[in-house]
Amino acid sequence: MQNYQHLLLAIDYSTETCAIAEKAKALAFCYHAKLSIIHILDNIPMPDTPYGAVIPLSIPADNVLLEEERLKFNQLCDKLDIEFNQRWLIWGVPKQAITEFASQQQIDLIVTGSHARHGLGLLIGSTANSVLHHAVCDILAVRISD
Ligand code: AMP
């Protein structure tokens, strides 16, 4: 089997994020792979910006909500020790944006959490489920216990 070369860690700030991230980092280390991290913003209105859906992380945003998101994301990435140029904060619908980004960036493994909060706790969560069915690469859905 060919080694993974570029992993994508999808985060939603749930309490399990650090545990999921540790698995992604360990895998990236084992495979000598690049590790990117992505958070999809779907909870604030999309301000009218010249730069489209990708939020620049190196310059403060003029929108207060967006600036809070930018700082929160960078703080978490710092804590997880993710390289600055591998951080992606993007507007969109998580289930679509994650798979689209993965295709564009030639990701070969997406790492997500798998909340067991739907379907009597037996099914994996909606974002993870959709990513599993629509991504063209491998998926690692890290089991999260309630
Ligand atoms: P859910 O299906 O919403 O229970 O979430 C399952 C997993 O999908 C999470 O643990 C994350 O890995 C990923 N995820 C959910 N929402 C987002 C988001 N807004 N941005 C990036 N990843 C997300």
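Throughout, residues of each chain are indexed from 1 in the direction in which the sequence is written. Only residues with pLDDT of at least 70 are given local features in this predicted model, and only at 80 or more are side-chain atom pairs given and counted; all residues enter the totals for whole chains, interfaces and linings. Note that the side-chain values use all heavy atoms of the structure and ignore hydrogens as well as water.

Asker: Would you mind going over the overall build of the protein with me for this structure?
Answerer: Broken down by element type, the protein carries four helices and five strands. Strands here mean DSSP runs of E at least two residues long; helices mean DSSP runs of H or I at least four residues long; both are numbered from the N terminus. N-terminal to C-terminal, the α/β element order of the protein is β-α-β-α-β-α-β-α-β. The rule is simple: take the accessible area with a 1.4 Å probe, protein chains only, and divide by the maximum for that residue type; under 20% is buried, over 50% is exposed, in between is partly exposed. Per-residue burial over the protein gives 45% buried out of 146 residues. Carbon together with sulfur atoms contributes 54% to the accessible area of the protein, which is approximately 8300 Å² in total. For the accessible areas, the method is Shrake-Rupley and the probe is 1.4 Å, while residue cover comes only from the protein chains on display.

Asker: Explanation requested: the sheet that holds strand E5 (residues 138-143) in the structure shown.
Answerer: What holds strands together in a sheet is hydrogen bonding between their backbones, with the strands either parallel or antiparallel. Strand pairing is assigned whenever DSSP identifies at least 2 bridges connecting the two strands. The parallel open sheet is built from five strands, whose spatial order is E3-E2-E1-E4-E5. With one partner strand each, in any of the chains shown, strand E3 (87-91) and E5 form the two edges of the open sheet. Adjacent strand axes in the sheet meet at a mean angle of 25°, parallel and antiparallel pairs treated alike. Pairing analysis gives three bridges linking strand E1 (residues 6-10) to strand E4 (residues 109-114), with the strands arranged parallel. Looking at E4, one finds that leucine 9 is bridged to valine 111. Lines fitted to C-alpha atoms define the axes here, with helix axes fitted over just the stretch in contact, and angles between the N-to-C directions of these axes take values from 0 to 180 degrees.

Asker: Would you explain the pairing of E1 in this entry?
Answerer: Regular strands place their side chains on alternate faces of the sheet. Burial runs high along E1: five of the five residues are buried. Here E1 shows two buried faces, one formed by His6, Leu8 and Ala10 and the other by Leu7 and Leu9. When E1 meets strand E2 (residues 34-41), the two strands line up parallel, connected through five bridges. In the sheet register, leucine 8 faces E2, and the bridge partner there is serine 36. Seen with the strands pointing away from the viewer, any crossover whose path from the first strand over the helix to the second strand runs clockwise is right-handed. Running through helix H1 (residues 17-31), the crossover from E1 to the neighbouring parallel element E2 is right-handed.

Asker: What is the right way to look at the site of the ligand in this model?
Answerer: Near the ligand lie 16 residues; those nearest to it are Ala10, Ile40, Gly113, His115 and Thr127. N or O atoms closer than or at 3.5 Å make up a polar contact, with two conditions inside protein: a donor-capable atom paired with an acceptor-capable one, and, for residues adjacent in sequence, both atoms drawn from side chains. Between the ligand and the protein, one listed contact pairs an oxygen atom with a backbone N or O atom of threonine 127 at 2.7 Å. Backbone polar atom of alanine 128 to an oxygen atom of the ligand: 3.5 Å apart, as the coordinates give it. Alone, the ligand offers 480 Å² of accessible surface; in the complex the protein occludes 94% of this. Looking at the shell around the ligand, the elements that each hand over two or more residues are E2, helix H3 (94-104), E4 and helix H4 (126-134). To be near a molecule or strand, a residue needs just one of its heavy atoms within 4 Å of it.

Asker: Before we go on, may I ask you to explain the pattern of salt bridges in this structure?
Answerer: Between side chains of opposite charge, a pair can form as their charged atoms come close. Here a salt bridge means any side-chain nitrogen of Lys or Arg lying within 4 Å of a carboxyl oxygen belonging to Asp or Glu. According to the stated counting rule, one finds two salt bridges in the structure shown. For the salt bridge of arginine 70 with glutamate 67, the shortest nitrogen-to-oxygen distance reads 2.8 Å. In this pair, arginine 70 and glutamate 67 both sit in helix H2 (residues 64-80), three residues apart, roughly one turn of the helix. Per residue, the accessibility class of arginine 70 equals that of glutamate 67, and both read buried. Aspartate 78 is the partner of arginine 87 in a salt bridge, and the nearest nitrogen-oxygen pair spans 2.8 Å.

Asker: Could you clarify how one ought to interpret unusual backbone geometry in this entry?
Answerer: In most cases, non-glycine residues show a negative phi, while peptide bonds are predominantly trans. You will see that aspartate 81, though not glycine, has its phi angle at about 60°, which is positive. Position of aspartate 81 among the secondary structure elements: in the loop between H2 and E3. Positive phi is not limited to glycine here, since glutamine 106 has a value of about 55°. Structurally, glutamine 106 is set in the loop between H3 and E4.

Bear in mind that shape data such as this cannot, by itself, settle questions of function.
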